[in-house]
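Tertiary structure, described
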Amino acid sequence: QTLLVESGGGLVQAGGSLRLSCKASGRTLSRYFMGWFRQAPGKEREFVAAISWSGGSTYYADSVKGRFTISRDNAKNTVYLQMNSLKPEDTAVYYCAVDYTGADITRTTGYDYWGQGTQVTVSS
């Protein structure tokens, strides 16, 4: 069983920054894709970013490209999401997830385990 725990969410003003962390336990994740998704009230969960097992390849939703950076530290079994220039529309619960196959990294159905989420609220 893989357990993912997100942290680092909170309340920030527009233009500010937050760094989310996702710590994994129960299984080494160094060989798998990891992703971040978010879900705003009344909306579907959407892809934010993903990173390959080595960290050599990263992928972003157009809405966050240039503002968010995904990274990982395999020695710590942790994935990060650095969020800069935050906007009110970034307000959502942010989830990390692990994809054992890497076959469909932008869809929720491509992921095998999910964290419980961390709330990010950006005030205007």
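My aim in this report is to walk through the structure given alongside it, one point at a time.

About the criteria used
- Residues numbered from 1 in each chain as written.
- Predicted model: local features only at pLDDT ≥ 70, side-chain atom pairs only at ≥ 80, totals over all residues.
- Heavy atoms only, no water.
- Helix = DSSP H or I, 4+ residues; strand = E, 2+ residues; numbered from the N terminus.
- Rg over C-alpha atoms; globule rule 2.2 N^0.38 Å.
- Buried < 20%, exposed > 50% of the residue type's maximum accessible area, 1.4 Å probe, protein only.
- Contact = heavy atoms within 4.5 Å.
- Areas by Shrake-Rupley, 256 points an atom, 1.4 Å probe, with all protein chains shown as cover.
- Lys, Arg positive; Asp, Glu negative; His and termini not counted.
- Charge placed at Lys NZ, Arg CZ, Asp CG, Glu CD.
- Pairing = 2+ DSSP bridges.
- Axes fitted to C-alpha atoms, helices over the stretch in contact; angles between N-to-C directions.
- Disulfide = S-S within 2.5 Å.

Here the focus is the overall build of the protein chain. Within the protein chain, the secondary structure is distributed over zero helices and eleven strands. Computed over the C-alpha atoms, the radius of gyration of the protein chain is 13 Å, within 12% of the 14 Å expected from 2.2 N^0.38 for a compact globule of 124 residues. Structurally, the protein chain occupies a C-alpha span of about 40 × 25 × 25 Å along its principal axes. Going through the 124 residues of the protein chain one by one, you find that 44% of them count as buried. At a minimum sequence separation of 6, the contacts of the protein chain that also span at least 24 residues come to 58%. When the accessible surface of the protein chain is totalled, it reaches about 6300 Å², and 47% of it is carbon and sulfur. Charge separation in the protein chain, taken as the distance between the mean sites of 13 positive and 10 negative side-chain charges, equals 5 Å.

Right, let's get into the sheet that holds strand E8 (residues 78–83). Sheet architecture is open: four strands sit in the order E1-E3-E8-E7, paired in antiparallel fashion. Strand pairing shows two members of the sheet lacking a second neighbour, strand E1 (3–7) and strand E7 (68–73), which therefore form its edges. If you compare each strand with its neighbour and ignore which way they point, the axes differ by 15° on average. Pairing analysis gives six bridges linking E7 to E8, with the strands arranged antiparallel. Across the sheet, Phe68 pairs through a bridge with Met83, a residue of E8.

Time to look at the state of the cysteines. Inspection of every chain in the model, using the stated rule, returns one disulfide. One disulfide in the model links Cys22 with Cys96; its S-S distance is 1.9 Å. Handedness here is read from the sign of the S-S torsion; for Cys22 and Cys96, about 50°, the answer is right-handed. Here Cys96 lies in strand E9 (residues 92–99) and Cys22 lies in strand E3 (residues 18–25), a separation of 74 residues in the sequence. Using a relative accessible area of 1% as the deciding quantity, one classes Cys96 as buried.

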